[in-house]
Structure formats: structure tokens, C-alpha cells
Amino acid sequence: VGEDGRAAFEVMAAMSQLQELEKMPGGVVKVLAKHGPEELLRAASPSVDAGNLLAMVVKAGLGVEEENAQALVQGLLEDSSLMKHHAPQLCRAVLQAFLEGLRNAATAKARKKT
């Protein structure tokens, strides 16, 4: 990760706290997933609240059908320290991703009928 990665993470975390960001592009998640959850957690600074940013990564990662993305999400959700500090945001992200999946499935089913 290094200092550049840590600085970029802190800027992204601060931005996600200052404004309500709805979505993280799947391409960003794919890049993060290449480095794995350990690298992302290593970049997280205790001095910056990264709950919203990590929740966006989890939500977007659940929508990317790639093994690395799924491993990233699983690794983040299995980290006890992360869950201890950011459980509400992470749980909300998982629920939102689940509901989006249900909506998408219902839309696809409705299209098949027509």
C-alpha cells in the first residue's frame, strides 16, 4: 500500500463522509480487489472514519461477479475490528445490495413475460 495508497484512501474516506456518494464504479472495486482485503485494511488509518467508504466498497463488490471482488467483500466482512467499528454502515450496504438484486431479478422476470 505505502504512503501514496494510505493518502488516497484517506482522501476517499473523507470525501465519502462529506457527501453522500451513492455508488462506487465496479471498475474501482476490481482494482481494489486485486490487492485483497488485507491491503485495503492496511491503508485504513484509525484517524479517519472510513465506514462509508468501506460500505460503498462492500455494496459495489457484491454487484461484481468476479472471484477477487467476492473475496474482497468476504475479507472485509470477516474482519472483527472492522465490524466492531463500522457494523451499521456495512450491514446497511449488504442489505441495499440484496434489495437491488431482488429488484433486478424482478425486472428481469417481468421482461421475460413480455
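Our subject is the structure that appears above.
This report concerns the structure included in the present document. (Residues numbered from 1 in each chain as written. Predicted model: local features only at pLDDT ≥ 70, side-chain atom pairs only at ≥ 80, totals over all residues. Heavy atoms only, no water.)

A short note on the overall build of the protein
Thinking step 1. Looking only at helices and strands, one finds five helices and zero strands in the protein.
Thinking step 2. Helices (α) and strands (β) of the protein occur, in sequence order from the N terminus, as α-α-α-α-α.
Thinking step 3. Here the C-alpha radius of gyration of the protein, 15 Å, is about what a compact globule of 114 residues would show, namely 13 Å.
Thinking step 4. By principal-axis analysis of the C-alpha atoms, the protein measures approximately 55 × 25 × 25 Å.
Thinking step 5. Relative to its 114 residues, the protein shows a buried fraction of 29%.
Thinking step 6. Sequence separation of 24 or more characterises 76% of the internal contacts of the protein that already satisfy a separation of 6 or more. (Helix = DSSP H or I, 4+ residues; strand = E, 2+ residues; numbered from the N terminus. Rg over C-alpha atoms; globule rule 2.2 N^0.38 Å. Buried < 20%, exposed > 50% of the residue type's maximum accessible area, 1.4 Å probe, protein only. Contact = heavy atoms within 4.5 Å.)

A word on the packing of helix 3 (residues 51-62) against helix 5 (residues 80-113)
Thinking step 1. At a closest axis distance of 8 Å, the pairing of helix 3 and helix 5 adopts a crossing angle of 35°. The element helix 3 and its partner helix 5 pack so that their crossing is right-handed. Together, Gly51, Asn52, Leu54, Ala55, Val58, Lys59 and Leu62 of helix 3 and Leu82, His86, Gln89, Leu90, Arg92, Ala93, Val94, Gln96, Ala97 and Glu100 of helix 5 make up the contact between the two elements.
Thinking step 2. The residue makeup of the contact of helix 3 with helix 5, split by class, is nine nonpolar, five polar and three charged. (Axes fitted to C-alpha atoms, helices over the stretch in contact; angles between N-to-C directions. Left-handed = near helix turned anticlockwise from the far one by under 90°. Nonpolar A, V, L, I, M, F, W, Y, C, P; charged D, E, K, R; others polar.)

Quick notes on the nonpolar core
Thinking step 1. Counting 23 residues, the largest nonpolar core has Phe9, Met24, Val29, Leu40, Leu54, Leu72 and Leu76 as its most contacted members.
Thinking step 2. Elements represented by at least two residues in this core include exactly helix 1 (2-18), helix 2 (26-43), helix 3, helix 4 (67-78) and helix 5.
Thinking step 3. By residue number, the principal contributor to this core is helix 3, which donates seven residues. (Core = buried A, V, L, I, M, F, W, Y, C linked by side-chain atoms within 4.5 Å.)

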